[in-house]
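# Structure assessment
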Number of protein chains: 2
Amino acid sequence: MLRQILKNFGSNKVFTLNSIGDHIKSADYSIRGEVLKKAQEIGQELCRSQIYPFKSLAACNMGNPQYLGQKPLTWVRQGLSLVVNPELLDYPGLISQYPSDIIDRSKYLLNCIQGGIGAYSDSAGYHVVRESIAKYIEQRDSVGPSNPNDIFTTNGASPSIEITLTAIIDSLNDGIMLPIPQYSLYTALITLNKGKSVGYYMNSNNGFWSMSIEEMQKALSRARNDGVNVKAVVVINPGNPTGQVLDEENMKDVVRFCEDNRLVLLADEVYQDNIYMPDKKFTSFRKVVIQMNSDLELFSFHSLSKGFYGECGIRGGYMELINIDKQAKDEIFKLGSLMICSSTFGQIGMELVLNPPSPSQPSYQTFIQEKTEILSNLKKNAELMHALFNTMDNITCNYIEGAMYAMPCVRVSKKAIQAAKNANLPVDKFYVMKALEETGIILAPFGYGQDPRTFHFRITIMSPEESFEDLLLSFKVFNDNFHKQYKDST
Amino acid sequence: MLRQILKNFGSNKVFTLNSIGDHIKSADYSIRGEVLKKAQEIGQELCRSQIYPFKSLAACNMGNPQYLGQKPLTWVRQGLSLVVNPELLDYPGLISQYPSDIIDRSKYLLNCIQGGIGAYSDSAGYHVVRESIAKYIEQRDSVGPSNPNDIFTTNGASPSIEITLTAIIDSLNDGIMLPIPQYSLYTALITLNKGKSVGYYMNSNNGFWSMSIEEMQKALSRARNDGVNVKAVVVINPGNPTGQVLDEENMKDVVRFCEDNRLVLLADEVYQDNIYMPDKKFTSFRKVVIQMNSDLELFSFHSLSKGFYGECGIRGGYMELINIDKQAKDEIFKLGSLMICSSTFGQIGMELVLNPPSPSQPSYQTFIQEKTEILSNLKKNAELMHALFNTMDNITCNYIEGAMYAMPCVRVSKKAIQAAKNANLPVDKFYVMKALEETGIILAPFGYGQDPRTFHFRITIMSPEESFEDLLLSFKVFNDNFHKQYKDST
C-alpha cells in the first residue's frame, strides 16, 4: 500500500503542522501559553517534593475569581439549582432553606422555557432572558428601551467577539484597531480571520492609563497610508489589562472619531461592574451614542464571567447590536446560530445576575451583602496592590480604576536584558518565569514597551484576601533581589 | 461631516451586506431557516386565533427531545444540582431525597475541581472529566486505553467539528467529503471556511440506507480530476439524517479507503446510543482502526445532546483525536482554547452520563428504568413511523436503524413541481410548508434528489408518545390529499 511505503520513509501522517495554515499557527493566545505550561509542571512537582520556596501556586494570570476562592452568589446558585432540577421544588423543607423570591423566580423561568434547560433555546437565546437583558440595559443607561431582538446570547463574551470579527474581516487587507496593550483574544482572532491588527497606544501619564484620540488618529493614518482598509475599532472599557475607566467626554471623542472615519465601534464592556475609584463610574457606549443622537454602528459585549458574580466556568454572555444594518445583523445572527444556541444554563445565570432581587424581597439582604463584600475586597486589593507595587524597586504602577488587573511597568538593566537573551526569552517572559519559580505567582507577561528598557506584566487583583498582602510581599522580595542580581555595573 | 453628507445620499451604514464575504452569506444552515420562520409566525397566530386546523405546533424538525416532553435523567439532574449549589449537601433531609451514590459522586467531583463550576477549567476540560470520558471509551471499545490528553471538551459536538474543519481547510481548493444527504452543519462550516464540499451519495436499496465505497470512490475521483485537494471524509454513524448503522465490514472498507487515498477520517458518532434494530449494534471507528492495527488519522465527535440523555441545551460534547500528529493536535487544541474552556456545567453533565451508577448502587434502578423507557419509546416510534409512512401515497421510508430521524422519500407529480415553481419554492420546501400549514408539523426539507421527481424530508422520531400516532395520522391525511390535489391528468 502507498501508506505503508510512505510510512517506511517516515512521512505517514497526512495532517501535520505543514498542512495547517499560517493564520492558525500564528494566532497566539498568550494568557494560556508557555508560562502556564511551566506553572503546570511546577504544580505537579509541588505534590511530590519541596524543591520550591512556596507551598502552592497563585494563579494571578487570569481573571478567574472563583478559582481563587471567591464564593458564588447565593441568589444565582439557588436559582440555577432549581432550574437544573425542578424536582427540588417539590421537596418538603425546601421552602425553609430557599427564600420565596428565588423559588418564585425559578418557577417563572421554568414556565417560560418549554422543555426546561435540556432543550435547545432559540439561537439568540430564550426570549425571556433577552427581555431581562434588555430591561437591564434600559435601566443602566436611562436613554430609552433596548430591543431584545438586537441581543444575541453566547457562551461567554468570547464567541460574540469571534462572530463579530469573522463577519467584519473579509479580506487580507481589512484592519481592526486595537488598544496596545490589549487582551490577546483580539489579536488571536484577527490573525485567525486573516485580518490586520492596527494597534493604537494607550497613554500612561501621571499614574493613569488613558485613551488618546491623537494616538488613535496616528495609528489610523499610518495604517490607511499603508493601504490597510481599517473597518472597526475595539475599545475595552473598563480596560483590560489597563483598568482605565473612560469618562463621557473621552467617549464622545471616540464616537466622533469613529463617525468621522467611518469605523464600526466594538465596545468590550465586560468589566462594567468593576469600578474601584470613587470619582469614576461606568458609562456604556450605547448611552453616549444615543445621547449624541449618533447613528454610529456599535457592538457591545458583556459576560457572566467578570463583575462581582465572576461565573467564568458557566460561560454566559451576550452582544447587543446597535444601529446595525438589518441584513448585516441577520448574517451575524446566522453565524451565531451555527452552534445551535448558547448554553441554556449560562443564559439563566445571566438572567439571575442582571435581574437581581429588589430591596423589598427576602433574598435582597444576602445578595447585597455578598455583592458589597466582593466589590469592596476587590477595591481594597486594587488599592493595596497599587500602593505596594510603587514601593518596589524599578516598578511603577498606575491607578487601578476598574476591571480586575494591575499592569505594573518594570524598568530593567542592560544586564537583565542580556541575561534574558542568553536564556533565549523576551525579557518580560524571563522576568515572569523567574517570579514564578521563586514565588509561585503566575503572571501574564505583556511586553508592551514603547521604551525598550521597560516592559509590563498583568496580575489579577483577586487573590484570596487573607494571603494577599503576604503574596505581594514575597513578590517584593523577588523583585528587589532580581534588580540587585542584574544591576548594571556603573 | 462626511457622515452627514453620506447620510443624505442614503448610504450611511458602514457595515452592510455588501461588506460581508460571500463565504458567510452563502453558509446555509437549513435546520434553522425559512421553514422555522414560518413556524414561528404560525405559533404567534395560534395564540390569537383559530385559523389553523391544529392547536399547537409539533417541532419535528430538530433532534430536541426534551423540548418534546422527554424527561431528563434523574441521576444527571440530581448530580448537576449538587455541583451547582454545593450548599444543598448541608441541607437536613437531602439524604432522604437524593440517593447516597449521587451525593458521593458530587462530592468527589467537587473535590476534584478547584473553585467549583464557577471557575474556568483547563482549556481541554477538567482532567477528572477527561479521565471519565477515556474510561468510557475504553470500556465501550475493549481495544485498550484511551488517553485523556487526546480528548478536548466543547460546548456540544458542533464546536469540535468547527475547530477541526477550520484547522484542516487551508486553501480554496481543499475539499472535505460528506455524505449526501448530510447534516447541514457540515456544508455550512465548509462554506464558511472557504473549502469545497465533495458529496458522496448514500445508497437507498431494499428499504435500507447504506454507505458504498464505490460511490465514495466515484466522488473522490471526480473531485480530484477537477483539481480539488480532498483532505478528509466525514462519516456520520449512526447516520443523520439517514439513520443507518454501519457494520464492521463496511467500516473496515471505509478505513482502507481513507488509508489508500490519504484522507483523514472525521467520525460523527453522536448517535452512538441510539440503535433500534435488534440485529444492529454501534461500533466506533476507533475500535475498527485499532483492531486493524491501522494508523489512520481519526477524529471522533460525541455529544451530550443525543442518546437517551438528550441534554441539548446544556451544550456538552467532546472530540477524541486518534493517531493525530502531536504538533497538529497542539494547534487544534490551541484553536479550542481561544474560547477559554467549554461550559463546566456541560462537562459535569458529560461525566455523569458516561459514568452512570453501577448495578450495585442505589441510583441504578431508576437510571436503568429511565434509560430503558426512553430508548424503547424511541424504538417504538421508529417502528411505527417506518410502518405508517409506507402506507402513505407516494411515500417510501427506509428502516430507521438508529439516530433520531426518518427520511421518507416523496415522489411528486409534474403538476406539484409546477405548483412549487409558481410559488417560487423548491418542491421539497413547497411540500414541507404545506404540511406545516395543514398539520402544524415542522419538518426539515432535505432536497436530495438523484431523481428529479423525488425529494426527502427529515422528521424526528421523538414526538411525545401519546400524540405520536395521531400526529402521523394527521400527516397521512395531509399527504394523501396533497397527491390527490396535484395528480397529473393522464
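Reading guide: rules and limits
- Residues numbered from 1 in each chain as written.
- Chains lettered and ligands numbered in written order.
- Predicted model: local features only at pLDDT ≥ 70, side-chain atom pairs only at ≥ 80, totals over all residues.
- Heavy atoms only, no water.
- Helix = DSSP H or I, 4+ residues; strand = E, 2+ residues; numbered from the N terminus.
- Expected span 1.5 Å × (residues − 1).
- Contact = heavy atoms within 4.5 Å.
- Buried area = accessible area lost by both parts, 1.4 Å probe.
- Salt bridge = Lys/Arg side-chain N within 4 Å of Asp/Glu carboxyl O.
- Polar contact = N/O pair within 3.5 Å; in protein donor to acceptor, adjacent residues only side chain to side chain.
- Nonpolar A, V, L, I, M, F, W, Y, C, P; charged D, E, K, R; others polar.
- Buried < 20%, exposed > 50% of the residue type's maximum accessible area, 1.4 Å probe, protein only.
- Pairing = 2+ DSSP bridges.
- Axes fitted to C-alpha atoms, helices over the stretch in contact; angles between N-to-C directions.
- Domains from an automatic or database assignment.
- Phe/Tyr/Trp six-rings, centres within 6.5 Å; stacked < 30°, edge-to-face > 60°.
- Lys NZ or Arg CZ within 6 Å of the ring centre and 35° of its normal.
- Disulfide = S-S within 2.5 Å.

## Quick word on helix α6 (residues 100-112) of chain B
With 13 residues, α6 of chain B ought to run about 18 Å at 1.5 Å a step, and its terminal C-alpha atoms sit 18 Å apart, in line with that. Buried residues along α6 of chain B sit against α4 (74-84), α5 (94-97), α7 (127-141), α14 (344-354) and α15 (364-389) of chain B.

## Some points on the interface of chain B and chain A
Counting residues at the interface gives 99 residues for chain B and 99 residues for chain A. Summed over both sides, the interface between chain B and chain A buries roughly 8,700 Å², with carbon and sulfur atoms accounting for 57% of that surface. Put simply, chain B and chain A have zero salt bridges between them. Connecting chain B to chain A are 38 residue pairs in polar contact (both at pLDDT 80 or more). Of all the elements in the fold, those that place two or more residues in the side of chain B that touches chain A are α1 (2-8), α2 (22-25), α4, α8 (157-168), α9 (185-192), α11 (248-260), α13 (326-337) and α14 of chain B. Looking at the side of chain B that touches chain A residue by residue, the classes come out as 45 nonpolar, 32 polar and 22 charged.

## Some points on the pattern of salt bridges
Counted by the stated rule, this structure contains 40 salt bridges over all chains. The partner of Arg 130 of chain B in a salt bridge is Asp 122 of chain B, and the shortest N-O contact between them spans 3.8 Å. A salt bridge links Glu 383 of chain B to Lys 379 of chain B, with the nearest nitrogen and oxygen atoms 2.9 Å apart. Pair noted here: Glu 383 of chain B and Lys 379 of chain B are both in helix α15, with a separation of four residues, about one helical turn. A cluster of three or more residues bridged by salt bridges with shared partners is formed by Arg 140, Asp 141, Arg 286 and Glu 320 of chain A.

## Notes on helix α6 (residues 100-112) of chain A
Turn by turn, an α-helix covers 3.6 residues, leaving residues three or four places apart pointing in a common direction. Within α6 of chain A the residues assigned to the buried category are Asp 101, Ile 102, Ile 103, Arg 105, Ser 106 and Leu 109 of chain A. The secondary structure elements touched by the buried residues of α6 of chain A are α4 (74-84), α5 (94-97), α7 (127-141), α14 (344-354) and α15 (364-389) of chain A.

## Here we look at the sheet that holds strand β9 (residues 298-303) of chain B
All names here are of chain B. Read from one edge of the open sheet, seven strands run β2-β10-β9-β8-β7-β3-β4, paired in mixed fashion. With one partner strand each, in any of the chains shown, β2 (151-154) and β4 (196-201) form the two edges of the open sheet. Each strand of the sheet is rotated relative to its neighbour by a mean of 25°, with strand direction disregarded. Here strand β3 (residues 174-180) pairs with strand β7 (residues 229-236) via four bridges, running parallel. The partner of Asp 174 across the bridge, within β7, is Asn 229. Sitting on the sheet, α8 touches β2, β3, β7, β8 (264-268), β9 and β10 (317-322), and the angle it makes with β9 is about 155°.

## Some words on the domain arrangement of chain A
Residues and elements named next belong to chain A. When cut into domains, chain A gives domain 1 (23-68 + 371-485) and domain 2 (112-354). Measuring from the centre of the C-alpha atoms in domain 1 to the corresponding centre in domain 2 gives 27 Å. Interface area for domain 1 against domain 2, summed over the two sides, is near 3,200 Å², with a carbon-plus-sulfur share of 60%. Across the contact surface, domain 1 and domain 2 share one salt bridge. Between Lys 280 and Glu 401 there is a salt bridge, with its nearest N and O atoms 3.7 Å apart. Summed over the shared surface of domain 1 and domain 2, the result is 14 residue pairs in polar contact (both at pLDDT 80 or more). Those elements that provide at least two residues to the side of domain 1 that touches domain 2 are α2 (22-25), α15 and β16 (454-460). The element contributing the most residues to the side of domain 1 that touches domain 2 is α15, with six residues. Residue classes in the side of domain 1 that touches domain 2 are distributed as 18 nonpolar, ten polar and five charged.

## Some words on the packing of aromatic side chains
All told, the structure shown has 45 aromatic pairs over all chains when counted by the stated rule. Summarising the aromatic geometry, the rings of Tyr 98 of chain A and Tyr 91 of chain B are spaced 5.9 Å apart at their centres and angled 85° between planes, so their arrangement reads as edge-to-face. Linking Tyr 98 of chain A in the loop between α5 and α6 with Tyr 91 of chain B in the loop between α4 and α5, this pair reaches from one chain into another. This pair shows no difference in class: Tyr 98 of chain A is buried, exactly as Tyr 91 of chain B is. Above the plane of the ring of Tyr 405 of chain A lies Arg 458 of chain A, whose end atom (NZ or CZ) is 3.8 Å from the centre.

## A look at the side chain of Asn 398 of chain A
All names here are of chain A. Relative to the assigned elements, Asn 398 resides in the loop between β11 (395-396) and β12 (405-406). According to the relative accessible area criterion, Asn 398 is buried, its value standing at 11%. Not counting residues up to four positions away in its chain, the partners in contact with Asn 398 are Ser 204, Gly 207, Phe 208, Trp 209 and His 386.

## Looking at the state of the cysteines
Scanning all chains against the criterion turns up zero disulfides over all chains. The thiol sulfur of Cys 397 of chain B is not disulfide-bonded, and the nearest other cysteine sulfur, from Cys 409 of chain B, lies at 9.7 Å.

## Quick notes on unusual backbone geometry
Here the residue pair Asn 237 of chain A and Pro 238 of chain A is connected by a cis peptide bond, since its omega of -10° sits within 30 degrees of zero. As for its position among the elements, Pro 238 of chain A is in the loop between β7 (229-236) and α11 (248-260). The omega torsion across Asn 240 of chain B and Pro 241 of chain B is 10°, close enough to zero to call that bond cis. Within the fold, Pro 241 of chain B resides in the loop between β7 and α11. A positive phi angle, close to 60°, is found at Asn 293 of chain A, a residue other than glycine. Here Asn 293 of chain A shows up in the loop between α12 (285-291) and β9 (298-303). Take Asn 293 of chain A: its relative accessible area is 67%, and that puts it in the exposed class. Positioned with a positive phi, Ser 142 of chain B is a non-glycine residue whose angle comes to about 50°. You can call Ser 142 of chain B exposed: its relative accessible area is 61%.

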